[in-house]
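Tertiary structure, described
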Amino acid sequence: MTPRVILHLDVNSYFASVEQQANPFYRGKPLGVCATMSQYGCIIASSKEAKAKGIMTGCRVRDALAIDPNIILVEVDPPKYRSTTEKIFSILAEYSEDIETYSIDEAFVNLTGFVRSFDEAVTLGEKIKQRIFSEAGEWLTCSMGIAPTRWLAKFGSDTCEKGGLIVLTRENLDAYVRGRELTEAWGIAERLAARLMDLGIKDLGELKHYPVTNLMEAFGIKGYELWANLNGVELSGVQTPRPPKSVGHSHVLRRRTTDHRFHEAVLMKLCEKTGRRLRGLDMEAGGFWLGFGTTLGGGGDSVRFLERTADSRVLFKTAVDIFRQQHRAGVPTHVAVGCFDLASVSKQLSLFAKPKDYGLAKALDEINDKYGEYVVMTGSMFGLAKHHADDRIGFRKTVSWDVTALDKRLMGKDVGLAIDHGPELIREEA
Ligand SMILES: [Mg+2]
């Protein structure tokens, strides 16, 4: 079972950082973004350099100038922040379709099914940070929390070092919360903290271990929430992640070519990722769509399957059919594929026998899980991967491997597979 993994991202000193990004002269200096440029106005965002001097959000312009007469003051510029937010969130959208925009600079990304472990989520988190740095702005840093629940993910990014990344699990949580002030917790303000103190609860570690019944006696449902949040119990929504309505992946083609072998290799990769995501969620799709853009416009289409599937090869064949039918002119610039009308496999299996290919695909996922992704690839990918190994959504690196019993079992099957024996064909993306 893939673990439930939520990532929370919070861009540090957002408005001020965007201003510093836009004007390199402002970088490294105390800066305040003001609602209006009057000395009676207040600072709605201060840069980390201003914060270091004690000029916090909400500080009056007059008071800020008293602390630092050289502080740079700029008027709030919402379109600038929105366009940066769009860039950042479109990066996030490449990694999950289940994103909750929490504010202009904060989002929850449900990575359940996209990653198989917290370690993998950390790798992905680092990659997202790197992409924000290179695509949205090198002056933008963000804090990230990765955890099994939404609350813990945000608590992690709120409390970790600015620009840091933290993983909170039920295993390391005790040590992390021990001795922390009550007000460090998301949702605990001064008044609630005072009431908790009255019960003799001095810090978050004590709150975590305080008997839930006593908390409920004192605070009702809020008491349960306090306990659940600190003990890694998901409260927002359902316990298991809400099944997505659709899954898919998109890709901007950095290489502009009319060579369809290249486009089909990219489609294969996107379909394989989509198929794996479906299988990771234990779901099958009733329909599939493909969209693409070209230098002369674009196109796309959707189809319904006669039988639900999670087979990457079926998705790929469908993608190629649509692409060949719909692509008339222009050099392709981006492609996107997606599956809709999803249904849980286990539910259907109570009615129908499991298709043989489903088990095979799951076994391939198992090998790829064990040895690195795309150690085993379908034939169409074979030999084509190196053409676009430097593409943005690159392959994971492959590792050298020994043939085990499981692999031998699969190698005997005629499933149109090519086996990649070495890392030289594919390399980790730059
Ligand atoms: Mg922020």
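Residues numbered from 1 in each chain as written. Predicted model: local features only at pLDDT ≥ 70, side-chain atom pairs only at ≥ 80, totals over all residues.

Examining the sheet that holds strand β3 (residues 43–46)
Across the sheet, which stays open at both edges, the three strands sit in the order β3-β2-β4 with mixed pairing between neighbours. The two strands at the open ends of the sheet, each matched to only one other strand, are β3 and β4 (72–75). The mean angle between the axes of side-by-side strands here comes to 30°, regardless of whether they run parallel or antiparallel. Relative to β3, strand β2 (residues 31–34) runs antiparallel, the two sharing three bridges. From the neighbouring strand, Val33 faces β3, where its bridge partner is Ala45. Along the sheet face, helix α1 (residues 14–22) touches β2, β3 and β4 and points at about 110° away from the line of β2. (Pairing = 2+ DSSP bridges. Helix = DSSP H or I, 4+ residues; strand = E, 2+ residues; numbered from the N terminus. Axes fitted to C-alpha atoms, helices over the stretch in contact; angles between N-to-C directions. Contact = placed C-beta atoms within 7 Å.)

What about the pairing of strand β6 (residues 106–110)?
Side chains on a regular strand alternate between the two faces of the sheet. Of all the five residues making up β6, four are buried; the element is thus mostly covered by neighbouring parts of the structure. Bridging between strand β1 (residues 6–11) and β6 involves five bridges; their strand directions are antiparallel. Within the sheet, the bridge partner assigned to Asp10 lies in β6 and is Glu106. For strand β5 (residues 99–103) and β6, the ladder comprises four bridges, and the chain directions are antiparallel. Counterpart to Thr101 in the pairing with β6 is Ala107. Taking the residues between adjacent antiparallel strands as the criterion, β5 and β6 are bridged by two residues. (Buried ≥ 20, exposed ≤ 12 C-beta atoms within 10 Å, placed from the backbone.)

Describing unusual backbone geometry
For Ser13, which is not glycine, the phi dihedral falls at a positive 40°. The exposure class of Ser13 is buried, given the 24 C-beta atoms found within 10 Å. Although it is not a glycine, Asp282 sits at a positive phi angle of roughly 60°. Mapped onto the secondary structure, Asp282 falls in the loop between α12 (260–280) and β10 (283–294).

Concerning the pairing of strand β12 (residues 332–344)
When strand β9 (residues 246–252) meets β12, the two strands line up antiparallel, connected through seven bridges. When the bridges of β12 are listed, His249 appears paired with Val337. Pairing of β10 with β12 involves eleven bridges; the strand directions are antiparallel. Counterpart to Glu284 in the pairing with β12 is Ala343.

As for the sheet that holds β12
Reading across from one edge, β9-β12-β10-β11 is the order of the four strands in this open sheet, with antiparallel pairing throughout. Each edge of the sheet is formed by a strand with only one pairing partner; in this case those strands are β9 and β11 (297–309). Ignoring which end each strand starts from, the neighbouring axes of this sheet average 15° apart. Set on the sheet, α12 makes contact with β9, β10 and β12; between it and β12 the angle comes to about 25°. The strands touched by helix α13 (residues 312–326) are β10, β11 and β12; relative to β11, the strand with the most contacts, the crossing angle is about 145°.

Here we look at helix α11 (residues 221–230)
When we look at burial in α11, the residues that qualify are Gly223, Leu226, Trp227, Asn229 and Leu230. Taken end-on, α11 shows its buried residues confined to a sector of 165°, consistent with a single buried face. One or two positions beyond α11, positive phi appears at Gly232, with a value near 75°. (Arc of directions from axis to C-beta.)

Topic: the nonpolar core
Among the nonpolar cores identified, the biggest contains 62 residues, and Leu7, Ile43, Leu111 and Ile146 are the most heavily contacted of them. If you tally residues by element for this core, the top one is helix α5 (residues 118–136), at five residues. Of the domains in this structure, domain 1 (14–79) and domain 2 (173–230) are the two that each give at least three residues to this core. Setting aside its immediate chain neighbours within four residues, Leu7 contacts Val109, Leu111, Ala121, Gly125, Met144, Ile146 and Ala153. In terms of nonpolar packing, the next biggest core, distinct from the first, is built from 26 residues, Leu290, Phe292, Leu315 and Phe323 among them. (Core = buried A, V, L, I, M, F, W, Y, C linked by C-beta atoms within 7 Å. Domains from an automatic or database assignment.)

A few points about the confidence of the model for the protein
Looking at the protein as a whole, its pLDDT mean stands at 80, while 79% of the residues score no less than 70. Contacts of residues 237–241 to residues separated by more than four positions or lying in other chains number five contacts, the stretch itself having pLDDT below 50. Across residues 382–430 the pLDDT falls below 50, and counting only partners more than four positions away or on other chains, this stretch makes 83 contacts in the model. (pLDDT = per-residue confidence, 0-100.)

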